[in-house]
Amino acid sequence: MSAARIYVPRETTAVSVGADEVAVAIAREAKQRGAEIELVRNGSWGACWLEPLVEVQSGEQRIAYSNIAPADIPALFDAGFLDGGDHDKCLGPIDEIDYLITQERWTFWRAGLIEALSLDDFLAHQGFRALQKAWEIGPDGVIEAVTASGLRGRGGAGFPAGIKWRTVADTEADRKYVTCNADEGDSGTFSDRMLMEGDPFGFIESIAIAGYAVGASKGYIYLRSEYPLTLSILTRAIETLREAGWLGENIQGSGFDFDVELHLGAGSYVCGEETAMLESLEGKKGIVRYKPPLPAIAGLFGKPTLVNNVVTLASVPNIVNLGGERYAGMGVNRSKGTLAFQLGGNIKRGGLVEKPFGVTVRELIDGYGGGTASGRPVK
C-alpha cells in the first residue's frame, strides 16, 4: 500500500495561523496509528480565509479540508482522512472550489499545486520549458513575445515591459544586470511573497529568461527584510538550482551563463522605487536617483539594468510558452493580461485572486471576498 500524500502549505499566511503545527500533528498521529504518509509542503492557493488548507491525494483528486487546527487531527483520521473521507471541514476536491476555478491563473498557476522546493515536481509541471524555448527562439524572439503581450510593469508604474527590455538589450555594454524588486512594502500587498514562496523555481526561471533576453549574466533579487520565510525558501531554491546546473556557468550545456544573488533590504519603504533600490544594492543609502540616466541605460554599478517586480517577471514564462498574443487576448484596452488582486482588511474572505483586467470591484469584493466582514455596505 502506497503512502498517503498530504499537502500542508509552507507559506507565511498559512504558517501564521498554525500550518507548521498542523503538519507536526498529522505526522505524529500517522506514526501513532502506524499509517504511512508523505507530507508535502506546497505553497498557498491564495484562499487565505481557508488556511490552514490541508489536502489529501485520493486517486486522481486532491481533497481539501479547511481551517484545520492540530486539535482536529485525531477526528480527521477517525473520519478516513487519509482516503479523503468526509468531515465537517471537508470542502471536496480542490479543483471544484468555486473561489479557485473561476480565476484565470496565468502567473500563479503552480502556486499551491506543487511542492514548492521539489525540483522534480517543478520539472514535472513545465519547469524550465520556457527557458529552453527562449534558447530556441533567441533573445529577440523573447523580447518580441513580451512586447506583443502588452505586459506592463506590475510594480505600480505600468511601464511597457517590452520597451524596457528592448532598451537594455540594445544598449552596448561589457556587462548588464537584471534586478527584481521584491521589496513589497505597500499596505495590504502580498502577491509577490505568495508567488516567491509557492513557486520559487518558476520565479527564478523568469529572472533567467529576462537575463538571456537582455544579455545579462547576473541577476539580483532585492527582498524585503520582513519576509523571513521567503528568504529561507529562496535561499534553498537558489542553492538547489546551482547544484542541479540550472544556475551558474554554461547552464545545461546551453552556453548561457547566469547566476542569481539574493539581497536582503533593511526595511526602507523608499527602496520600493527602482533607483533607490539600485543605490541600496550598491551598498549606499537608499535614496532616489535623479533621472536621466534611466536604469536601462546606466543602472546598477553604472551598467544597463533591467528592473522589474516579481509578478511582472513571473508573467513571462507563460508568455514565452503560450505566445504574447494569448496574453494580450485577456484584459481591456491597453490593460492587457491578468492582475493579482489582493483582498484584505474588512472582508469576509481575504486572499489572492488572479483575473484579467476588466473585472469589477463589486465582483472582487462581493463575489470573491463575500462582502465586508462587518456586514456593513461598501461605500
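Please read all numbers here as calculations on a predicted model, not as lab measurements.

1. Considering the nonpolar core
In summary, soluble globular proteins display a tendency toward joint burial of nonpolar side chains.
Okay, so step 1: Ranked by internal contacts, the top residues of the largest apolar core, which has 65 residues, are Trp165, Phe203 and Ile207.
Okay, so step 2: Top contributing element to this core by residue count: helix H9 (residues 200-214), with ten residues.
Okay, so step 3: In this view, Ile207 contacts Val178, Cys180, Gly219, Ile221, Phe258, Val260 and Leu313; residues no more than four positions away in its chain are not counted.
Okay, so step 4: Formed by 20 residues, the second largest nonpolar core is a distinct cluster that contains Ala4, Val22, Ala30 and Ile63.

2. Here's the deal with the pattern of salt bridges
Okay, so step 1: What the rule picks out here adds up to 24 salt bridges.
Okay, so step 2: A salt bridge links Asp121 to Arg5, with the nearest nitrogen and oxygen atoms 3.9 Å apart. A residue pair is termed long-range when its members are at least 10 positions apart, and Asp121 in helix H5 (residues 119-124) and Arg5 in strand E1 (residues 4-7) qualify at 116 residues.
Okay, so step 3: For Asp78, the salt bridge goes to Arg33, with nearest N and O atoms at 2.9 Å. Highlighted residues: Asp78 in helix H3 (residues 73-78) and Arg33 in the loop between helix H2 (19-32) and strand E2 (37-40), separated in sequence by 45 residues.
Okay, so step 4: On the basis of relative accessibility, which here comes to 38%, the residue Arg33 falls in the partly exposed class.
Okay, so step 5: Each member of the salt-bridge network shares a partner with another, and the members are Lys164, Glu273, Glu274 and Lys291.

3. A few points about the packing of helix H6 (residues 129-149) against H9
Okay, so step 1: Across the interface, H6 lies against H9 with an axial gap of 9 Å and an inter-helix angle of 30°. For the element pair H6 and H9, the recorded crossing hand is right-handed. Mapping the contact onto sequence places Arg129, Ala130, Leu131, Ala134, Trp135, Gly138, Pro139, Val142 and Ile143 in H6 and Glu205, Ala208, Ile209, Tyr212 and Ala213 in H9.
Okay, so step 2: Per-class residue counts for the contact of H6 with H9 are eleven nonpolar, one polar and two charged.

4. What to know about the sheet that holds E1
Okay, so step 1: Sheet architecture is open: five strands sit in the order E2-E1-E3-E4-E5, paired in mixed fashion. The two strands at the open ends of the sheet, each matched to only one other strand, are E2 and strand E5 (90-93). Pairwise comparison of adjacent strand axes, ignoring direction, gives a mean angle of 25° for this sheet.
Okay, so step 2: The sheet contact formed by strand E3 (residues 54-58) and strand E4 (residues 61-65) spans five bridges and is antiparallel.

Definitions and cut-offs
Residues numbered from 1 in each chain as written. Predicted model: local features only at pLDDT ≥ 70, side-chain atom pairs only at ≥ 80, totals over all residues. Heavy atoms only, no water. Core = buried A, V, L, I, M, F, W, Y, C linked by side-chain atoms within 4.5 Å. Buried < 20%, exposed > 50% of the residue type's maximum accessible area, 1.4 Å probe, protein only. Helix = DSSP H or I, 4+ residues; strand = E, 2+ residues; numbered from the N terminus. Contact = heavy atoms within 4.5 Å. Salt bridge = Lys/Arg side-chain N within 4 Å of Asp/Glu carboxyl O. Axes fitted to C-alpha atoms, helices over the stretch in contact; angles between N-to-C directions. Left-handed = near helix turned anticlockwise from the far one by under 90°. Nonpolar A, V, L, I, M, F, W, Y, C, P; charged D, E, K, R; others polar. Pairing = 2+ DSSP bridges.

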